[in-house]
Amino acid sequence: MRPTALFFAYLFVCLLLGALLTYPVMSTGWLDEDPQRVMGRLAQVFILLGLWPFLKRLQLADRTALGYGIQKPVFRRALALGWVEGVAILAVLAVTLVALEIRLPDADLELWPYLAKKALQALIGGLLIGVLEETFFRGALYTAIRRRDGVASAVIWTALLYMLVHFLKPSALPEGVPFDWAGAWQMFGAVFVDVFQWKHLSSMAALFMVGVFLAMVRERTGHIAWGIGLHAGWVFVIQVTRRMTDGNPDAPAAFLVGSYDGVIGWLAAVWIGLLALLFWRWTRRSGANGV
């Protein structure tokens, strides 16, 4: 558990530094943004600035440890294959949600011009998210835990921290509470309280299974290229689905999606979990190693 604790401590310190700077930055009047967005962005800046020294300290700052230890043509091919498969996997989920009327097509959507613009944004955003999160979780963190505690611990702990981080985000202060130093610290403390809300359970289950699946892919292939592609493809479908459809809380099966993004939830957890199980068994029997 020690590597997991170190990585969590790193993220905690970055968020703490973001909280310390949010009120002074907002007081300048330079930014016309909500305080919670500023705090989150500052934390991300600190994460990026300190990541390489942090990884060097843990002896993880090399291509193999980060999951990039294969030839570039092989890496690109695996990434592209993963993206196509990721889109296909989440497209099944999205179509099912529409069929169950959990999400309804946006009647006012100007389909093709809108879709082209948003699809490009989702493609770029998905790739950026895939690279950053896979490098951190299935690259550095996975290697650190696997070296110390083995495969099972690496899969479970990376999935748990990956799940948790998605809910450790600053949220708006309650109505009527002013944003000052006290408000900034209240916002910071709420990050670690709000994560335990019952409404997050189904989304947490889905993100945990996503983390398990991606960790299994990392273990079987020995790199993160395929995982980056899968991750980017999933983000792409989620973002396009959210822009082209609206949530329908009155649907009988609405409980199958969670509060996180209106797409993932119990149905996604079961679907991704089933695919993870099939993948692990198939690669064990076939002796697959690499993509």
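Note that the structure is predicted; figures quoted are calculated from it, not measured.

Undergrad: Which parts of the structure should I look at to understand the pattern of salt bridges?
TA: A side chain of one charge can pair with a side chain of the opposite charge when the charged atoms of the two come close. On inspection of all chains with the given rule, the structure shows 4 salt bridges. A salt bridge links Arg146 to Glu219; the nearest nitrogen and oxygen atoms lie 2.7 Å apart. With a gap of 73 residues between them, Arg146 in helix α4 (residues 111-149) and Glu219 in helix α7 (residues 201-221) connect regions that are remote in the sequence.

Undergrad: Looking at this structure, how should I read unusual backbone geometry?
TA: Most peptide bonds take the trans form, and the phi angle of most residues other than glycine is negative. The phi torsion at Gln59 lies on the positive side, around 60°, for a residue other than glycine. For Gln59, the location among the structural elements is in the loop between α2 (35-57) and α3 (72-99). Of note in the backbone geometry, Glu101 takes a positive phi value of approximately 60° without being a glycine. For Glu101, the position within the fold is in the loop between α3 and β1 (103-105).

Undergrad: I tried to follow the nonpolar core on my own but got confused; where do I start?
TA: One recurring pattern in soluble globular proteins: nonpolar side chains tend to sit buried together. Residues Phe7, Leu55, Ile89, Leu90, Phe213 and Trp234 are the most contacted members of the largest nonpolar core, which totals 82 residues. Considering every element that reaches this core, the biggest residue donor is α7, with 11 residues. Excluding residues within four positions of it along the chain, Ile89 makes contact with Phe213, Leu230, Trp234, Trp271, Ile272 and Leu275.

Undergrad: Looking at this structure, I do not really get the packing of aromatic side chains. What am I missing?
TA: Both the distance between ring centres and the angle between the ring planes are used here to describe each pair of aromatic rings. Summed over the entire model, instances satisfying the criterion amount to 17 aromatic pairs. The interplanar angle of 85° and the centroid separation of 5.4 Å between the aromatic rings of Phe137 and Tyr162 together place this pair among those described as edge-to-face. With Phe137 in helix α4 and Tyr162 in helix α5 (residues 151-165), this pair connects stretches of sequence that are 25 residues apart. This pair shows no difference in class: Phe137 is buried, exactly as Tyr162 is. Three or more aromatic residues link up through ring pairs in this structure, and these residues are Phe7, Tyr10, Phe54, Phe136, Phe137 and Tyr162. One cation-aromatic arrangement involves Arg138 over Tyr162; the distance from NZ or CZ to the ring centre is 4.4 Å. In this structure, Arg220 packs its charged tip against the face of Trp280, placed 3.6 Å from the ring centre.

Undergrad: Please explain the packing of helix α1 (residues 2-27) against helix α6 (residues 181-194) as it appears in this structure.
TA: When two helices pack together, their arrangement is given by the angle between the helix axes and the distance between those axes. Between α1 and α6, the least distance of the axes is 9 Å, while the angle of their chain directions is 155°. Our classification of the angle between α1 and α6 gives roughly antiparallel. Like other packed secondary-structure pairs, α1 and α6 cross with a definite hand, here right-handed. Every residue of α6 that contacts α1 at Phe8, Phe12, Leu15, Leu16, Ala19, Leu20, Tyr23 and Pro24 is listed here: Trp181, Ala184, Trp185, Phe188, Val191 and Phe192. Here the contact of α1 with α6 is composed, by residue class, of 14 nonpolar, no polar and no charged.

Undergrad: Can you walk me through the side chain of Thr245 in this structure?
TA: Checked against the element boundaries, Thr245 lands in strand β2 (residues 245-247). Since its relative accessible area comes to 7%, Thr245 is described here as buried. Within polar-contact distance, the side chain of Thr245 engages the side chain of Arg103 at 2.7 Å. At 2.5 Å, the side chain of Thr245 forms a polar contact with the backbone oxygen of Thr241. In this structure Thr245 touches Val98, Arg103, Leu104, Pro105 and Asp106, once residues within four positions along its chain are discounted.

Undergrad: Looking at this structure, I do not really get the side chain of Thr4. What am I missing?
TA: Residue position: Thr4 is located in helix α1. You can call Thr4 buried: its relative accessible area is 7%. Aside from chain neighbours lying at most four places away, what touches Thr4 is Leu141, Ile145, Trp157 and Leu161.

Conventions we followed
- Residues numbered from 1 in each chain as written.
- Predicted model: local features only at pLDDT ≥ 70, side-chain atom pairs only at ≥ 80, totals over all residues.
- Heavy atoms only, no water.
- Salt bridge = Lys/Arg side-chain N within 4 Å of Asp/Glu carboxyl O.
- Helix = DSSP H or I, 4+ residues; strand = E, 2+ residues; numbered from the N terminus.
- Core = buried A, V, L, I, M, F, W, Y, C linked by side-chain atoms within 4.5 Å.
- Buried < 20%, exposed > 50% of the residue type's maximum accessible area, 1.4 Å probe, protein only.
- Contact = heavy atoms within 4.5 Å.
- Phe/Tyr/Trp six-rings, centres within 6.5 Å; stacked < 30°, edge-to-face > 60°.
- Lys NZ or Arg CZ within 6 Å of the ring centre and 35° of its normal.
- Axes fitted to C-alpha atoms, helices over the stretch in contact; angles between N-to-C directions.
- Parallel < 35°, antiparallel > 145°, perpendicular 65-115°, else oblique.
- Left-handed = near helix turned anticlockwise from the far one by under 90°.
- Nonpolar A, V, L, I, M, F, W, Y, C, P; charged D, E, K, R; others polar.
- Polar contact = N/O pair within 3.5 Å; in protein donor to acceptor, adjacent residues only side chain to side chain.

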